[in-house]
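Here's the letter readout for the chains.
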Amino acid sequence: MQPTDADTLEPSGSNVGHAGRARGAAWLIVAACPEGDRGRAIAAVDHPRIGRGAAALHDPRMSKSHFEVTPAGGHLRVSDLDSRNGTWLNGHRLLPGLVAPLSDGDILRAGDTLLVVRYSTRTPSAPFDDAVLPGRAPAVVALRETARRYGALDLPILLLGETGTGKEGCAQ
């Protein structure tokens, strides 16, 4: 079975795809949003349509389905879905129907929301150990999931907390 384009952009944390092909993760990082989504990482293959309804971003100037990202040869492409306020790539408006390639560090604007494209091929040294942050409380479960998601990114992360809360274990 031949790997598909989606096989090369999975946010699963694994770095080996079908037939031994390397793969990484493609993310859209919310850099600015009027209603508090700043810092959120959206796995591009999990949410190919971005907007108020799709990927549930909270921006009143964004269309329900504003733009779409699609995998192509290990990278992403973006196209505007005939949105009301347009989709902008690195300061240039995309015409509806035009498909443009996305590179690491590109900036997308939809409504008043800015998103940064990030590709990561980082191989986690080990899966996140639930014993680092033990417990079944919803807040702890959400924190572990956030640690897994952001730990897969090839970006610097600042961990804040009181002494003895597990910052060092999370950093590992």
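All of the points below concern the structure found in this document. Computed from a predicted structure; not experimentally measured.

Structurally, the position occupied by Asp104 is in the loop between strand E8 (99-102) and strand E9 (107-110). Sequence separation of Asp104 and Trp27 is 77 residues, and the distance between their C-alpha atoms is 9.4 Å. If near-sequence neighbours (up to four positions away) are discounted, Asp104 is found in contact with Val117, Arg118 and Tyr119. There is a polar contact of 3.4 Å between the side chain of Asp104 and the side chain of Arg118. One polar contact links the side chain of Asp104 to the main-chain amide nitrogen of Tyr119, over a distance of 2.8 Å.

Bringing the nonpolar core into the picture now. Among the nonpolar cores identified, the biggest contains 23 residues, and Leu28, Ile42, Phe67, Val78, Leu102, Leu108 and Leu115 are the most heavily contacted of them. Among the secondary structure elements, those contributing two or more residues to this core are strand E1 (25-32), strand E4 (67-72), strand E5 (75-80), E8, E9 and strand E10 (113-120). Formed by 5 residues, the second largest nonpolar core is a distinct cluster that contains Ala25, Ile29, Ala41 and Ala43.

The strand order E3-E4-E5-E8 describes an open sheet built from 4 strands, whose pairing is antiparallel. Edge positions in the sheet fall to strand E3 (49-50) and E8, since each has one partner strand and no second. The pairing of E3 with E4 spans 2 bridges and is classified as antiparallel. Bridging from a neighbouring strand, Arg49 pairs with Glu68 of E4.

Attention shifts here to the pattern of salt bridges. Counted by the stated rule, this structure contains 3 salt bridges. Across the pair Glu68 and Arg49 runs a salt bridge, and its minimum N-O distance is 3.5 Å. Note that Glu68 is positioned in strand E4 and Arg49 in strand E3, a separation of 19 residues in sequence. According to the relative accessible area criterion, Glu68 is buried, its value standing at 19%. Between Asp104 and Arg118 there is a salt bridge whose closest N-O contact spans 3.4 Å. Linking Asp104 in the loop between E8 and E9 with Arg118 in strand E10, this pair joins segments that are 14 residues apart in sequence. By relative accessible area, Asp104 is classed as partly exposed at 41%. Arg118 gets classed as partly exposed once you look at its relative accessible area, which sits at 23%.

The rules we used
Residues numbered from 1 in each chain as written. Predicted model: local features only at pLDDT ≥ 70, side-chain atom pairs only at ≥ 80, totals over all residues. Heavy atoms only, no water. Helix = DSSP H or I, 4+ residues; strand = E, 2+ residues; numbered from the N terminus. Contact = heavy atoms within 4.5 Å. Polar contact = N/O pair within 3.5 Å; in protein donor to acceptor, adjacent residues only side chain to side chain. Core = buried A, V, L, I, M, F, W, Y, C linked by side-chain atoms within 4.5 Å. Buried < 20%, exposed > 50% of the residue type's maximum accessible area, 1.4 Å probe, protein only. Pairing = 2+ DSSP bridges. Salt bridge = Lys/Arg side-chain N within 4 Å of Asp/Glu carboxyl O.

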